[in-house]
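# Coordinates in review
Residue-level listing of the chains:
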Amino acid sequence: MVEQRRGPRSGSTNSGARTGRGSDDRPGRGSDDRRGRPSDDRRGGGQRPTGNRDKRSDDRKKPEEKPARIRRTPEDQAIYDGPDLPDVVTGKELDRSVTGQLKGLPEKLAARVARHLAAAGMVIDDDPELAYRHALAARARAPRIAVVREAAGEAAYAAGHYAEALSDLRAAKRLNGATAYLPIMADCHRALGQPEQALKLSKSPGVANFAPEARAEMTIVEAGARRDMGQLDAALRVLEQAPINSQNRSAWVVRLRYAYADTLVAAGQQREALEWFHRTHAIDADQLTDAEARAAELERRRDDETGRPPVATED
């Protein structure tokens, strides 16, 4: 794995004022001086009692207080407004599982949040900072929706805002209990100079139930954390226990092999590293890594050290 980290801030909550009426619901009792018996308002006899009943009547006449208007700083307002939304982005581009989590919001609000989430997903690979701003706008409107905090965390991670990513992904995990975010959270700890915390997350109980892809990502992060701590032998052992010899040609196998080759280089085992860069390139049909270039570089170094002339290649 190339030793780089792809790098979605906590939102504010809006609360309205509540009003109540604290009057006695029972009408007061009086006495009719002329007849010596309790007055009966329903029959129109006697003088209408005063006190709590009149106060309750006055309360009904008062207009109900409106919730205080939310005041935002110019910076918070800019975040809330978010980047301009292209007309072609409708929010319908999202998966149903995402839009389903937005159904509890008012219709117009849900539509706006959905459009920002869709826009973030469209540009996250080419412009992660713009994706992050779209995700922040969605989070400012719906900070208690798990899928929104997840999107904000992933966008922050892609844009290199690791502390913000960690905060949002923790919030998403609290909201839905999912463990799928653990590899990204662990890598955020690495980026923040906290490899011990990354190792702690790599030992979480839920990791044992991960799908192969997620388990491979956590293995790569765990090995990277060991490297951060100067424990190269331990990092190699972590990767050697992973299925780096698998016949599967999926991306997660490519990434495991590349991480192993790269760690061998760091450990000074150039010959073994060259072998594993070649093995990585052999299954990297989509060119997810620069394994071919890394292998060529190691071959040049070897030739320079041994004095062997470079091998001629045909155009």
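## A word on the overall build of the protein chain
When helices and strands are counted, the protein chain shows 14 helices and two strands. Put simply, the protein chain has 315 residues, and 36% of those count as buried. Counting every atom, the protein chain has about 19800 Å² of accessible surface; 45% of that belongs to carbon and sulfur.

## Describing the packing of helix H7 (residues 162-176) against helix H8 (residues 182-191)
Where H7 contacts H8, the two axes come as close as 9 Å, and the packing angle between them is 150°. One element, H7, and the other, H8, form an angle in the roughly antiparallel class. Classified by chirality, the crossing of H8 by H7 is left-handed. Across the interface between the two elements, Tyr-162, Ala-165, Leu-166, Leu-169, Arg-170 and Lys-173 from H7 touch Leu-182, Ile-184, Met-185, Cys-188, His-189 and Ala-191 from H8. Tallied by class, residues from the contact of H7 with H8 come to nine nonpolar, one polar and two charged.

## Points about the pattern of salt bridges
When their charged atoms lie close together, side chains carrying opposite charge are able to pair. A complete count under the given rule lists 10 salt bridges for this structure. Across the salt bridge formed by Arg-190 and Asp-187, the nearest N and O atoms sit 3.6 Å from each other. Taken together, the residues Arg-190 and Asp-187, both in helix H8 and three residues apart, mark about one turn of the helix. This pair shows no difference in class: Arg-190 is buried, exactly as Asp-187 is. Here Asp-303 makes a salt bridge to Arg-302, at a shortest N to O gap of 3.6 Å. Under the relative-accessibility criterion, Arg-302 is labelled partly exposed at 34%. One network of salt bridges, in which partners are shared, links Arg-139, Arg-149 and Asp-168.

## A closer look at helix H12 (residues 251-266)
With 16 residues, H12 extends 23 Å from end C-alpha to end C-alpha; this agrees with the ideal 22 Å at 1.5 Å per step. A large share of H12 lies buried, amounting to 13 of its 16 residues.

## Examining the environment of Leu-169
Residue position: Leu-169 is located in helix H7. Expressed as a C-alpha distance, the spacing of Leu-169 and Ala-156, which sit 13 residues apart in the sequence, is 9.8 Å. Once residues lying within four places of it in the same chain are set aside, the contact partners of Leu-169 are Glu-150, Gly-153, Glu-154, Tyr-181, Ile-184 and Met-185.

## Things to note about a negative patch on the surface
Taken together, Asp-125, Asp-126, Asp-127 and Glu-129 make up a surface patch of like negative charges. With respect to the helices and strands, the residue Glu-129 is situated in helix H5 (residues 128-141).

## Overview of the packing of H8 against helix H10 (residues 212-228)
One can describe the packing of H8 onto H10 by two numbers: an axis separation of 9 Å at closest approach and a directional angle of 15°. If you check the angle between H8 and H10, you find them roughly parallel. For H8 against H10, the interelement crossing comes out left-handed. Touching Leu-182, Pro-183, Ala-186, Asp-187 and Arg-190 of H8 are Ala-214, Glu-217, Met-218, Val-221, Gly-224, Ala-225 and Asp-228, all from H10. Taken together, the residues of the contact of H8 with H10 break down into seven nonpolar, one polar and four charged.

## Digging into the nonpolar core
One finds Leu-256, Tyr-260 and Phe-277 to be the most contacted residues of the largest nonpolar core, which totals 27 residues. Where this core is concerned, the elements lending two or more residues are H10, helix H11 (232-240), H12, helix H13 (270-283) and helix H14 (291-306). No other element matches H12, which puts 10 residues into this core. Other than its neighbours up to four places away in sequence, Phe-277 contacts Tyr-258, Ala-261, Asp-262, Val-265, Ala-291, Arg-294, Ala-295 and Leu-298.

## Things to note about the confidence of the model for the protein chain
Regions with low pLDDT should not have their predicted coordinates read in detail. Residues with a pLDDT of 70 or more make up 75% of the protein chain, whose mean pLDDT is 82. The model gives residues 1-50 a pLDDT under 50, and that stretch makes 88 contacts with residues more than four places away or in other chains. Across residues 55-59, confidence stays below pLDDT 50; counting only partners more than four residues off in sequence or on other chains, it has four contacts.

## Section: H13
The end-to-end C-alpha distance of H13 is 21 Å, a good match for the 20 Å that 14 residues give at a rise of 1.5 Å each. Restricting attention to buried positions, one finds in H13 the residues Ala-273, Leu-274, Trp-276, Phe-277, Thr-280 and Ile-283. Contacts made by the buried residues of H13 are with H12 and H14.

## Quick notes on the side chain of Ser-246
Assignment of secondary structure puts Ser-246 in the loop between H11 and H12. Within polar-contact distance, the side chain of Ser-246 engages the backbone nitrogen of Asn-248 at 3.0 Å. Look past the residues within four positions of Ser-246 in its chain and what remains in contact with it is Val-253 and Arg-257.

## Some points on the packing of aromatic side chains
Here a ring pair, both rings aromatic, is described through the centre-centre distance and the interplanar angle of the planes. Scanning the entire structure with this criterion turns up three aromatic pairs. Between the aromatic rings of Tyr-157 and Tyr-162, the centroid separation amounts to 6.0 Å while the plane-to-plane angle is 70°, which identifies the pairing as edge-to-face. Among the residues examined, Tyr-162 registers a relative accessible area of 16% and is labelled buried. A cation over a ring is seen here: Arg-141 above Tyr-80, with NZ or CZ 4.0 Å from the ring centre. Its guanidinium or amino end placed over the ring of Trp-276, Arg-279 lies 4.1 Å from that ring's centre, counting from NZ or CZ.

So, how was this worked out
Residues numbered from 1 in each chain as written. Predicted model: local features only at pLDDT ≥ 70, side-chain atom pairs only at ≥ 80, totals over all residues. Heavy atoms only, no water. Helix = DSSP H or I, 4+ residues; strand = E, 2+ residues; numbered from the N terminus. Buried < 20%, exposed > 50% of the residue type's maximum accessible area, 1.4 Å probe, protein only. Areas by Shrake-Rupley, 256 points an atom, 1.4 Å probe, with all protein chains shown as cover. Axes fitted to C-alpha atoms, helices over the stretch in contact; angles between N-to-C directions. Parallel < 35°, antiparallel > 145°, perpendicular 65-115°, else oblique. Left-handed = near helix turned anticlockwise from the far one by under 90°. Contact = heavy atoms within 4.5 Å. Nonpolar A, V, L, I, M, F, W, Y, C, P; charged D, E, K, R; others polar. Salt bridge = Lys/Arg side-chain N within 4 Å of Asp/Glu carboxyl O. Expected span 1.5 Å × (residues − 1). Patch = residues over 30% accessible without salt bridge, like charges linked within 9 Å, V, L, I, M, F, W, Y side chains within 5 Å. Lys, Arg positive; Asp, Glu negative; His and termini not counted. Charge placed at Lys NZ, Arg CZ, Asp CG, Glu CD. Core = buried A, V, L, I, M, F, W, Y, C linked by side-chain atoms within 4.5 Å. pLDDT = per-residue confidence, 0-100. Polar contact = N/O pair within 3.5 Å; in protein donor to acceptor, adjacent residues only side chain to side chain. Phe/Tyr/Trp six-rings, centres within 6.5 Å; stacked < 30°, edge-to-face > 60°. Lys NZ or Arg CZ within 6 Å of the ring centre and 35° of its normal.

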